[in-house]
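Each chain, letter by letter, is given below.
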Amino acid sequence: MAADENWWVADATRPILVFQEVQMGIDPAVLACIDATAAEFASLQELLQRWIEHANAETWQGQAAAEADAIWAALCFHVTERGGLAGDFIGRGADRWPANPQAVSDSAVETWAGYAEAVGHPMLRARLHHLVWEARKSFPHARKAIEDYTEAVPRFLGMADRSAGRCRASDCLCFAYDLAVRLSVRDLELTTKQAMISFVSELLDDSQEAAPGLVLEILRKLVGRHASDAAVQALLSRATGIHGGDVPVVAELLQLRIAGTQDPQERTALQRQIVEALLTEAERFTGFVRVDRLNAAATAARDYGLEDLFDDARVRMQAIAPDQLGMESFRFELPLRRDEIEDYSQRVLGQAQTLGQAFSALASLPAPCGTRQAAQEHARRLASEGLLSSFIPSIRINAAGPVPVAEARVRTAADDESEWHVTAMVITSVYVHHLLETVGDRFDPTTAQLAQLFTADPIITGIRATKLARAFRYYWSGEYDAAFTIALPRIEGILRETLRYHRIPIVQPPRGDSRGRVTLLATLIDRATDAGMHADWQAFLRLLLVDSDGGLNLRNSELHDLSDTETAPQTVALVLLAALHVTAHAHQAAAPASGI
């Protein structure tokens, strides 16, 4: 570079590279190779793969090798969600190429600028100009990028592979439009807008090969800044008629039309059209898919304030019987040897000479859900194995509705941790059931004896202790539903009174139109560690009683009668163990020298 060439302009924060209209850093062999490679390509990924093969096969040295690597790096940049470019080229030398174009070396940017003026394919020219703009904010290169992206459209539309060509043409138009909008270049934005309108019109004219995805992609961008434009609205109306049989597409097209209308009556009519289309589509399906479609209709009707359609969707949804959902249950068996269970029972209860000592041993067991550290290690192991299931969206459904309880989402590490905890609880429940049966057989206490043992005034009154005692007696007599139903509320009551005793707030005073209330079980469990409970036992109570995302959620399923399955004795055993643990905490607070 000559000393008198004005390549740098001073700036208050950093230098801005200003490129003159010269070609430099151009090796004829490299240029010929990239032009031959880019003669016709269906995607930048395909072009990159071709270039990797050529670059690895050639024996370029020195400056030519550096230019080849700069081209390689340029093809590794991709458009981010915010419209910028980010790279992932590792590089063939010791130093990794930066992901941020602004951190790329001046020599590499100069190479991009030189090849941007020399290569033949307009999209490749556009990408190189685009990179120079992102790297050094050189406005002339931004304009050239927009112009070259637009020039590439007819070339892609003429490809033998029409589908791939139209996809790349759409990409070019979107790149050009986004760049023009970001730069506030009004003339280029309008030019690109007109090209996009013409492109969509041609897509809609093609009766042989519909492309609703491309139509929507272009129209979304146009509506973002030109929602009320007559030509855009005409395209939306036409597309709605052409793709009338594709309800998801029609629904989005109608939403785009809503964005461009200011007439309240027209807006309401379009909203009703969306919900009615969703309801009509739901009639085509059965099982959970039908529930999903009706749920989408109900959600849209609720958001639009269409009460009649909201009720219609909900009535249709709740008319589906749980056995019509098309779901299948599966079971698995855990091989547990009887002698192992007996040995475990002996180790836990072998030294217990009294009922109180036996209950103390049970209340002192490690939390049945295991430790958080073990659960996290399990989640990390699953993540390292790259299981496909972690990338597939899933959803939980309340079969009593039937209704989805949340939006579909992919599994997270927290989901894997919860699953590990619950599996540990299920396995441990077998051992806990045997321990409780052993206690019942060995001591066979009466209700009065149990009540006396459980009482811990002022936290556990005689009445509360008697109710809990009855739960244990029902359990030992095989009345598991009765034991389950009686024990569950006692856990909440004992936790509440324990927090009260520790002077931890459990009441919420009235505020505005809301009534004053007493803190519910989920919040009581969240505050349990403030009263000295171990975090692992807190996690166990949450998963066992109130966690509707990944836990057993027993309190809600029982009190709201959401389960039609038989109550397993092992499940009741976990509930009674939870009751013993919170009772032991109450005794430690109220009467340290007595009780459990």
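Preceding block: the structure.
Here the structure is a predicted model, which means the values were calculated and not measured. (Residues numbered from 1 in each chain as written. Predicted model: local features only at pLDDT ≥ 70, side-chain atom pairs only at ≥ 80, totals over all residues. Heavy atoms only, no water.)

(A) Seen up close, the overall build of the chain. Looking only at helices and strands, the chain has 25 helices and eight strands in total. A compact globule built from 596 residues should have a C-alpha radius of gyration of about 25 Å, whereas the chain, at 34 Å, is more than 25% larger. If one aligns the C-alpha atoms of the chain with their principal axes, the spans along those axes are about 100 × 65 × 50 Å. Across the 596 residues of the chain, 46% fall into the buried class. Accessible surface computed for the chain: about 30,000 Å², of which carbon and sulfur atoms make up 51%. (Helix = DSSP H or I, 4+ residues; strand = E, 2+ residues; numbered from the N terminus. Rg over C-alpha atoms; globule rule 2.2 N^0.38 Å. Buried < 20%, exposed > 50% of the residue type's maximum accessible area, 1.4 Å probe, protein only. Areas by Shrake-Rupley, 256 points an atom, 1.4 Å probe, with all protein chains shown as cover.)

(B) The arrangement of the packing of aromatic side chains in detail. If you walk through the whole model with that rule in mind, you get 14 aromatic pairs. On the basis of an interplanar angle of 70° and a centroid distance of 5.1 Å, the ring pair of Tyr344 and Tyr431 is categorised as edge-to-face. Of the two residues, Tyr344 is situated in helix 15 (residues 338-349) and Tyr431 in helix 18 (residues 413-443); the sequence distance between them amounts to 87 residues. Looking at Tyr431, the relative accessible area reads 15%, which means it is buried. Its end group placed over the ring of Trp133, Lys137 keeps NZ or CZ at 4.7 Å from the ring centre. (Phe/Tyr/Trp six-rings, centres within 6.5 Å; stacked < 30°, edge-to-face > 60°. Lys NZ or Arg CZ within 6 Å of the ring centre and 35° of its normal.)

(C) Local environment of unusual backbone geometry. Between Gly401 and Pro402 the backbone carries a cis peptide bond, its omega angle lying at -15°. Between Asp457 and the following residue, Pro458, the backbone shows a cis peptide bond with an omega angle of 0°. Inspection of the secondary structure assignment puts Pro458 in the loop between helix 19 (447-454) and helix 20 (462-476). Here the phi dihedral of Asp444 falls at roughly 40°; this positive angle occurs in a residue that is not glycine.

(D) Spatial organisation of the nonpolar core. Of all hydrophobic cores here, the largest spans 86 residues; its most connected members are Trp51, Trp112, Met123 and Leu219. Sorting elements by how many residues they give to this core places helix 7 (residues 162-183) first, with eleven residues. In contact with Trp112, other than residues within four places in its own chain, are Ala70, Ala74, Phe77, Trp97, Val104, Leu128, Leu131 and Val132. One finds Val348, Cys369, Ile494 and Phe540 within the second-largest nonpolar core, a separate group that totals 61 residues. (Core = buried A, V, L, I, M, F, W, Y, C linked by side-chain atoms within 4.5 Å. Contact = heavy atoms within 4.5 Å.)

(E) Seen up close, a nonpolar patch on the surface. On the surface, a nonpolar cluster with roughly 450 Å² of combined accessible area is contributed by Phe330, Phe332, Leu334 and Val426. Position of Leu334 among the secondary structure elements: in the loop between helix 14 (307-318) and helix 15. (Patch = residues over 30% accessible without salt bridge, like charges linked within 9 Å, V, L, I, M, F, W, Y side chains within 5 Å. Salt bridge = Lys/Arg side-chain N within 4 Å of Asp/Glu carboxyl O.)

(F) Spotlight on helix 1 (residues 28-37). Among all positions in helix 1, only Val30, Leu31, Cys33, Ile34 and Thr37 are buried. Looking down the long axis of helix 1, one finds its buried residues gathered within 165° of arc, a one-sided arrangement. Exposed side chains of helix 1 directed beyond 90 degrees from the buried face belong to Pro28 and Ala36. Here helix 1 starts with a cap whose side-chain oxygen sits 3.0 Å from the backbone nitrogen of Ala29, and that cap is Asp27. (Arc of directions from axis to C-beta. Polar contact = N/O pair within 3.5 Å; in protein donor to acceptor, adjacent residues only side chain to side chain.)

(G) Just the packing of helix 12 (residues 264-282) against helix 14, in detail. Interaxial distance between helix 12 and helix 14 falls to 11 Å at its minimum, and their mutual angle equals 10°. Accordingly, the angle class assigned to the pair helix 12 and helix 14 is roughly parallel. Of helix 14, the residues touching helix 12 (which contributes Arg272, Val275, Glu276 and Leu279) are Asp308, Leu309, Asp312, Ala313 and Arg316. Residue classes in the contact of helix 12 with helix 14 are distributed as four nonpolar, no polar and five charged. (Axes fitted to C-alpha atoms, helices over the stretch in contact; angles between N-to-C directions. Parallel < 35°, antiparallel > 145°, perpendicular 65-115°, else oblique. Nonpolar A, V, L, I, M, F, W, Y, C, P; charged D, E, K, R; others polar.)

(H) The arrangement of the environment of Leu75 in detail. Relative to the helices and strands, Leu75 is located in helix 3 (residues 62-75). A relative accessible area of 6% means that Leu75 is categorised as buried. Note: C-alpha distance between Leu75 and Ile52 (23 residues apart in sequence) is 10.0 Å. Setting aside chain neighbours within four positions, we find Leu75 in contact with Leu44, Leu47, Leu48, Trp51 and Leu124.

(I) Structural view of the environment of Arg464. Along the polypeptide, Arg464 turns up in helix 20. According to the relative accessible area criterion, Arg464 is buried, its value standing at 18%. In sequence terms Arg464 and Phe454 are ten residues apart; their C-alpha atoms lie 8.8 Å from each other. Once you skip the residues sitting within four places of it in the chain, Arg464 turns out to touch Ile459, Arg490, Gly493, Ile494, Arg496 and Glu497.

(J) How the structure looks around the pattern of salt bridges. Applying the stated criterion across every chain, the model contains 37 salt bridges. The residue Asp205 makes a salt bridge to Arg238 at a minimum N-O spacing of 2.2 Å. In this pair, Asp205 sits in helix 8 (residues 186-205) while Arg238 sits in helix 10 (residues 230-242), placing the two residues 33 residues apart along the sequence. According to the relative accessible area criterion, Arg238 is partly exposed, its value standing at 32%.

(K) Structural context of the packing of helix 23 (residues 535-546) against helix 25 (residues 569-590). Across the interface, helix 23 lies against helix 25 with an axial gap of 11 Å and an inter-helix angle of 140°. Put simply, helix 23 runs oblique to helix 25. Considering the relative orientation of helix 23 and helix 25, their crossing is left-handed. In this structure, helix 23 uses Trp537, Phe540, Leu541 and Leu544 to contact helix 25, whose residues at the interface are Leu574, Val575, Leu577, Ala578, His581 and Val582. Classifying every residue of the contact of helix 23 with helix 25 by side-chain character gives nine nonpolar, one polar and no charged. (Left-handed = near helix turned anticlockwise from the far one by under 90°.)

(L) Representation of the side chain of Lys193. With respect to the helices and strands, Lys193 occurs in helix 8. For Lys193, a relative accessible area of 11% corresponds to the buried category. Dropping the residues within four chain positions of it, Lys193 is found in contact with Tyr177, Leu222, His226 and Asp229.

(M) Spatial organisation of the side chain of His585. Note that His585 resides in helix 25. For His585, a relative accessible area of 16% puts it in the buried group. Excluding residues that lie within four positions of it along the chain, His585 makes contacts with Ala531, Gly532 and Met533.

(N) Quick look at helix 15. The terminal C-alpha atoms of helix 15, which comprises twelve residues, lie 16 Å apart, in line with the 16 Å expected from a rise of 1.5 Å per residue. Restricting attention to buried positions, one finds in helix 15 the residues Ile341, Ser345, Val348 and Leu349. Down the axis of helix 15, the buried set is contained in an arc of 75°. They therefore lie on one face. In the core, the buried residues of helix 15 are packed alongside helix 16 (355-363) and helix 18. (Expected span 1.5 Å × (residues − 1).)

(O) Seen up close, the state of the cysteines. Under the counting rule described, the total for this entry stands at zero disulfides. The structure places no disulfide on Cys167, whose sulfur is separated from the nearest cysteine sulfur, that of Cys174, by 11 Å. Judged by its relative accessible area of 26%, Cys167 falls in the partly exposed class. (Disulfide = S-S within 2.5 Å.)

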